[in-house]
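Architecture and fold: a report
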Amino acid sequence: MKVSQNWLKSLVEINTTPEDLSEKLSIGGFEVESLIDCSSNVKGIVLGKVLSLVKHDNSDKLSICRVDIGKSNILQIVCGAKNVKPNIHVYVAPVGTYLSAINLTIKRSEIRGVVSEGMICSLEELGIEEDSEGIAIINNEIASTHKLGTPAAHLLGLNDYVYDLAI
């Protein structure tokens, strides 16, 4: 049986780590077969806003985007998505982020002579959908209630753990 930690928190107060709770449940007779971190595929991914974009001089399909993720510096990201445009909110993987769904660590790189400091992600690249048509564009109503740089897990409702209990 799978049980959500957020659901458990609505029933009882939990003041311990998921790992400690897992151990306590097992000691109490509810053997935990596995503990699943729902946010694992989106660790490091944050809310960003595309401020502007220009077409890449050395490519018909690439754009050079200026993206704000709430830090002091604006990121320059080379993006090949057809649906990227200014003033949209997106999921951004800054340098150092590991995308487990596609087995890729984001590095500062040079793409056709232009530096790229991250990646604007699709839901497929985040492991949420099987197939995506371009990058994920976050609804303005949702984005406006969060600060730039907010972890994607909060936006996607993935800040939860699931306990798989043997019954």
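As a reminder, the structure under discussion sits directly above these lines.
Residues numbered from 1 in each chain as written. Predicted model: local features only at pLDDT ≥ 70, side-chain atom pairs only at ≥ 80, totals over all residues. Heavy atoms only, no water.

**Observations concerning the overall build of the protein**
Inclusion rule: Helix and strand labels come from DSSP, where a helix needs a run of H or I of at least four residues and a strand needs a run of E of at least two; each type is numbered from the N terminus. Buried means the residue's accessible area, taken with a 1.4 Å probe over protein chains only, is under 20% of the maximum for its type, while exposed means over 50%, and partly exposed covers the values in between. The contact definition used throughout considers only heavy atoms, calling two residues in contact when any of these lie within 4.5 Å. Here, Shrake-Rupley sampling with a 1.4 Å probe gives the accessible areas, and only protein chains in the shown set may cover a residue. As used throughout, the charge tally considers Lys and Arg to be positive and Asp and Glu to be negative, leaving His and the chain termini uncounted. Charge placement uses NZ in Lys and CZ in Arg. For Asp and Glu, CG and CD serve respectively.
When helices and strands are counted, the protein shows 4 helices and 13 strands. In the protein, buried positions account for 40% of the 167 residues. Long-range contacts, defined here as pairs at least 24 residues apart, represent 62% of the contacts in the protein between residues at least 6 apart. A total of about 9,800 Å² of accessible surface is found on the protein, and carbon and sulfur atoms cover 50% of it. Computing the positive centroid from 15 side-chain charges and the negative centroid from 21, the protein places the two 10 Å apart.

**Concerning helix H2 (residues 18–27)**
Think of an α-helix as turning once every 3.6 residues; residues three or four places apart then point the same way. Counted only if it meets this: The arc in question is the one spanned by the directions pointing from the helix axis to the C-beta atoms.
Listed as buried for H2 are Pro 18, Leu 21, Ser 22 and Leu 25. The arc that holds the buried residues of H2, viewed along the axis, is 105°, so those residues lie on one side. Those residues of H2 that are exposed and aimed more than 90 degrees away from the buried face are Glu 23, Lys 24 and Ile 27. Buried positions along H2 lie against helix H1 (5–11), strand E2 (32–37) and strand E13 (161–165). Following H2 by one or two positions, Gly 29 adopts a phi angle in the positive range, close to 100°.

**A word on unusual backbone geometry**
The phi angle at Asn 87 is positive, at roughly 65°, despite the residue not being glycine. Owing to a relative accessible area of 51%, Asn 87 belongs among the exposed residues under this scheme. The backbone of Arg 112 shows a phi angle near 50°, a positive value even though the residue is not glycine. Mapped onto the secondary structure, Arg 112 falls in the loop between strand E9 (109–111) and strand E10 (114–116).

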